[in-house]
Amino acid sequence: MLFPILKNRSLNDKPKLFFIQACKGSMETLGQYKDAVPFQAVGNASEILKCYSTFEGFVSYRSDKGSLFIQTLCQNLKLFGCTKNIKDIMELVTQIVKQQSQSKQIPAYTNILTRPFVFGDYVKWVQ
């Protein structure tokens, strides 16, 4: 998934953010949190943030209203995207999803951004 993007020289040293809503296995959590596995890639692996709706090996839940992870992420990007660092937003999203799912789903992310990333620094948001 990442290798075509990493090979693109025009994207070197530019932030690359990935948000993935998908199961990563069939296990269901019993409320136990595990740390994410470090990301290792071939090529230019700088300035990447990968966010998953769940930890490696576990299911990702979705209701008829949609994904709790994606909804929480969008709400927090809308509220804080122009002012907060994406790492801080992801920590908040992780805590909210964990709490609202009663620890059945805990998002995981891998961060190798070397500088703080705030959307407001890169784009002008249209209200």
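To keep things clear, this report deals only with the structure shown in the data block. (Residues numbered from 1 in each chain as written. Predicted model: local features only at pLDDT ≥ 70, side-chain atom pairs only at ≥ 80, totals over all residues. Heavy atoms only, no water.)

**Remarks on the overall build of the chain**
Here's step 1: Across its full length, the chain holds three helices and three strands.
Here's step 2: Listing each helix as α and each strand as β along the chain from the N terminus yields α-β-β-α-α-β.
Here's step 3: In the chain, which comprises 127 residues, the proportion classed as buried is 36%.
Here's step 4: Across the chain, the fraction of contacts at a sequence separation of at least 24, relative to all contacts at a separation of at least 6, is 76%.
Here's step 5: For the chain, the accessible surface area stands at approximately 8100 Å², while carbon and sulfur atoms represent 53% of it. (Helix = DSSP H or I, 4+ residues; strand = E, 2+ residues; numbered from the N terminus. Buried < 20%, exposed > 50% of the residue type's maximum accessible area, 1.4 Å probe, protein only. Contact = heavy atoms within 4.5 Å. Areas by Shrake-Rupley, 256 points an atom, 1.4 Å probe, with all protein chains shown as cover.)

**What about the nonpolar core?**
Proteins that are soluble and globular tend to have nonpolar side chains buried together.
Here's step 1: The biggest cluster of nonpolar side chains holds 13 residues, and the ones touching the most others in it are Leu49, Phe69, Leu73, Leu77, Ile86, Met90 and Val93.
Here's step 2: At the level of elements, strand E2 (48–52), helix H2 (68–80) and helix H3 (86–100) are the ones that each hand at least two residues to this core.
Here's step 3: At five residues, the largest contribution of residues to this core is made by H3.
Here's step 4: When residues no more than four places from it in sequence are discounted, the contact partners of Val93 are Phe69, Thr72, Leu73 and Asn76.
Here's step 5: In this structure, Leu2, Phe18, Ile20 and Ile48 belong to the second largest nonpolar core, which totals six residues. (Core = buried A, V, L, I, M, F, W, Y, C linked by side-chain atoms within 4.5 Å.)

**Digging into the pairing of E2**
Here's step 1: With five of five residues buried, E2 lies mostly within the body of the structure.
Here's step 2: Of the two faces of E2, both are covered, the one formed by Ile48, Lys50 and Tyr52 as well as the one formed by Leu49 and Cys51.
Here's step 3: Summarising the sheet, strand E1 (residues 16–20) and E2 pair through five bridges and their orientation is parallel. Note on E2: the bridge partner recorded for Ile20 is Tyr52.
Here's step 4: Both E2 and strand E3 (residues 108–111) contribute to a ladder of four bridges, which runs antiparallel. Bridge pairing links Lys50 to Thr110 in E3. (Pairing = 2+ DSSP bridges.)

**Let's talk about the packing of aromatic side chains**
Here's step 1: Going through the model one piece at a time under the given rule, you end up with two aromatic pairs.
Here's step 2: A ring pair is formed by Phe55 and Phe58, whose centres lie 6.2 Å apart and whose planes are at 50°; its orientation type is tilted.
Here's step 3: Consider the rings of Phe117 and Phe119, whose centres lie 4.9 Å apart with planes at 85°: the pair is edge-to-face.
Here's step 4: Judged by its relative accessible area of 7%, Phe117 is buried.
Here's step 5: Judged by its relative accessible area of 18%, Phe119 is buried.
Here's step 6: The ring of Phe80 carries the charged tip of Lys84 above its face, separated from the ring centre by 4.3 Å. (Phe/Tyr/Trp six-rings, centres within 6.5 Å; stacked < 30°, edge-to-face > 60°. Lys NZ or Arg CZ within 6 Å of the ring centre and 35° of its normal.)

**Description of the packing of H2 against H3**
Here's step 1: The geometry of H2 relative to H3 is characterised by a closest axis approach of 9 Å and an angle of 140° between their N-to-C directions. What the angle tells us is that H2 and H3 run oblique. Here H2 runs over H3; the crossing is right-handed. On H3, the residues touching Leu68, Phe69, Thr72, Leu73, Asn76, Leu77 and Phe80 of H2 are Ile86, Ile89, Met90, Leu92, Val93, Ile96, Val97 and Gln100. (Axes fitted to C-alpha atoms, helices over the stretch in contact; angles between N-to-C directions. Parallel < 35°, antiparallel > 145°, perpendicular 65-115°, else oblique. Left-handed = near helix turned anticlockwise from the far one by under 90°.)

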